[in-house]
Amino acid sequence: MLIAIQVAITLLVWQTASNGLIPKPGNVAAAFTRLLATKQFWDNMLVSLGLTLKAMLYSIIITLVFAYLSVLPFFKSIAQFMVKCRYLTLTGLIFIFTLLTRNGSELKLSLLVFGIVPFFVTSFLSVITSINKQEYDLCKTLGYNNWQTLYEVIIVGKADQVFEILRQNFAISWLMITMVEGLSMSEGGIGTLLIKYNKYNDITVVVALQMVIFLTGLCFDWLLGSIRKWLFPYTKYK
Amino acid sequence: MTVCTKTTTLLQAENIGLQYDDKIILRDINFCIRDIHRPGMQQGQVVSLIGRSGIGKTQLFRILSGLQQPTNGNVFINGRQQVKAGDMGVIFQNYYLFEWRTIYQSLMMSAKQNQLLKGEEKQYIEKYAADFHLKEHLQKYPQQLSGGQRQRVSIIQQLLKGSKFLLLDEPFSGLDVCMLDKVSDLLLQVSTSDEQNTLIIVSHDISTAVAISDTVFILGNEEGQPGAIIKREIDLIERDLAWQRDIKSNPAFIKTVEEIKSCL
């Protein structure tokens, strides 16, 4: 009820405050409906979603490998360096990545993975460092060796948190996809569409596209949250 | 006096010392726990380690459990076998359990560690669950259990692993009067379920710990000396204060509790 009132007030303020430059909610809604009816939109949307999911999959695999290995001193420093890579900009690395990859698809994927992994590693390392010492102690008292402890405490015990990291960082991936698609427009995508409509000054469609991006993000957030609860039922008691 | 004999040494702590930089926490800790035999019944051992808060009880607890190495000295069990993590059953103060496992899964993991139960893990889990009134909670997660239920699960977990030694860190902490009696009964049940079962209770609740023990070790400081030592050993069997129900109202028991308090 409260949310409905808040949405109504927002729409009212938007309707009254918008002048000629900022499109009114009605126009955006019409553009949104038109957009959903076009094949071009769905093709681009699928390209973006496919690329994001692929990048997320690669990123989580790389993250897990380095995060699990970070318990060993040699890999700990590598994982810590990966955390620092959050401060690198993707724009400055396009040329290098272009030289290292064979086509636009590979370029976008590698840029995305490079952009996402540091955030994933940061989140996952903080999960590992905050593990309760008693979890290790309990394993020791049960007579587990180091590998059994690693499996029980970090791999199985933190699987739900891996999923939570995935959910939280989906927003980052989704944010980066539009940027990466803007950098390499060869295969389309929602980011390419945004740039195209921006170039034509079609603000109504741009806002409609933003709404699509926003709603898709919310849907994935809900979906990943629901899957987490289903896969890890104990999380609802935490 | 109750008829009993003390035979083989089950646990021997020899010259245990613990020091962090210049700070001495524990010094020359020496004690031994012997197997008690009572004719016609299974009688395990219940030993209390009593001391003030901050005296080093938890550190001694961790050393006895093999979770921490002492600066010097050794703990031996089953003859001259040096204790290592996994030899002892440990029940932590907050009854820590794997939050991501159901009770049944947690117990099964423990049972799988015990070669003697091979192929019969399920039956043993069900037996213990029935004995400890946990049968209807086996499919629950630890977060769904009360403190008392978690404590029982922790105990079963360590018993299934095959531990004859059970170390309990402050098992009476934060319990109300009704629960205190229940936990005391539970510990007595464990101690009498196997001749070899040995409970080492680390506590600052003198009265409750002493009421279920056969031996008390008092951990304290000596005047002008750094680091805690075992100041006294009290044999409650000798004083005819062991294994008796409603012992707390016995004048000799009250006197013993006062004596322990004066030592702290």
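Reading guide: rules and limits
Residues numbered from 1 in each chain as written. Chains lettered and ligands numbered in written order. Predicted model: local features only at pLDDT ≥ 70, side-chain atom pairs only at ≥ 80, totals over all residues. Heavy atoms only, no water. Axes fitted to C-alpha atoms, helices over the stretch in contact; angles between N-to-C directions. Helix = DSSP H or I, 4+ residues; strand = E, 2+ residues; numbered from the N terminus. Parallel < 35°, antiparallel > 145°, perpendicular 65-115°, else oblique. Contact = heavy atoms within 4.5 Å. Core = buried A, V, L, I, M, F, W, Y, C linked by side-chain atoms within 4.5 Å. Buried < 20%, exposed > 50% of the residue type's maximum accessible area, 1.4 Å probe, protein only. Pairing = 2+ DSSP bridges. Domains from an automatic or database assignment. Buried area = accessible area lost by both parts, 1.4 Å probe. Salt bridge = Lys/Arg side-chain N within 4 Å of Asp/Glu carboxyl O. 1 Å grid on protein atoms, 1.4 Å probe; cavity = no way out; pocket = protein on both sides within 12 Å on 5 of 7 lines; lining within 4 Å. Points joined across faces, edges and corners; volume = space filled by probe spheres on them. Nonpolar A, V, L, I, M, F, W, Y, C, P; charged D, E, K, R; others polar.

Peer 1: Got a minute to help me understand the packing of helix 3 (residues 39-69) of chain A against helix 4 (residues 73-84) of chain A in this structure?
Peer 2: Between two packed helices, both the angle of their axes relative to each other and the distance between the axes serve to describe the pair. Residues and elements named next belong to chain A. Running from N to C, helix 3 and helix 4 cross one another at 135 degrees; their axes reach a closest spacing of 8 Å. The pairing of helix 3 with helix 4 is recorded here as oblique in orientation. Facing helix 3, whose interface residues are Ile 62, Phe 66 and Leu 69, helix 4 presents Phe 75, Ile 78, Ala 79 and Met 82.

Peer 1: Looking at this structure, I do not really get the nonpolar core. What am I missing?
Peer 2: As a rule of thumb, nonpolar side chains are buried together in soluble globular proteins. Ranked by internal contacts, the top residues of the largest apolar core, which has 70 residues, are Phe41(A), Leu112(A), Phe124(A) and Leu209(A). Among the elements that line this core, the one with the most residues is helix 6 (residues 104-129) of chain A, at 13 residues. Beyond its immediate stretch of four places on either side in the chain, Phe124(A) contacts Thr63(A), Leu64(A), Ala67(A), Tyr68(A), Lys158(A), Val162(A) and Ile165(A). Ranked by size, the runner-up nonpolar core spans 53 residues in total, among them Ile155(B), Leu160(B), Ala209(B) and Cys263(B).

Peer 1: Explain the pairing of strand 2 (residues 23-37) of chain B to me, please; I cannot follow it from the model alone.
Peer 2: Two faces make up the sheet, and in a regular strand the side chains alternate between them. All names here are of chain B. Where strand 1 (residues 5-20) lies against strand 2, ten bridges are found, and the strand directions are antiparallel. Across the sheet, Thr 9 pairs through a bridge with Arg 34, a residue of strand 2. Joining the antiparallel neighbours strand 1 and strand 2 is a turn of two residues, in which Asp 21 adopts a positive phi near 50 degrees.

Peer 1: Please explain the domain arrangement of chain B as it appears in this structure.
Peer 2: One frequent convention defines the size of an interface as the accessible area lost when the parts assemble. Residue and element names in this part refer to chain B. We note that the domain assignment places domain 1 (5-88 + 166-192 + 200-263) and domain 2 (100-162) within chain B. Here the C-alpha centre of domain 2 lies 26 Å away from the C-alpha centre of domain 1. Summed over both sides, the interface of domain 1 with domain 2 buries roughly 750 Å², with 68% coming from carbon and sulfur. Inspection of the region where domain 1 meets domain 2 yields zero salt bridges. Listed by contribution, the elements that provide at least two residues to the side of domain 1 that touches domain 2 are strand 7 (165-169) and helix 5 (177-191). At six residues, helix 5 tops the list of elements feeding residues into the side of domain 1 that touches domain 2.

Peer 1: What exactly am I supposed to notice about the layout of surface pockets here?
Peer 2: Taking a probe equal in size to a water molecule and rolling it over the atoms shows the remaining empty space. Residue and element names in this part refer to chain B. Its boundaries defined by the atoms lining it, the largest pocket holds a volume of some 420 Å³. Among the elements that make up the lining of the largest pocket, the one with the highest residue count is helix 5 (four residues). Here the lining of the largest pocket is composed, by residue class, of six nonpolar, four polar and six charged. Considered as a void within the structure, the second largest pocket measures approximately 370 Å³ in volume.

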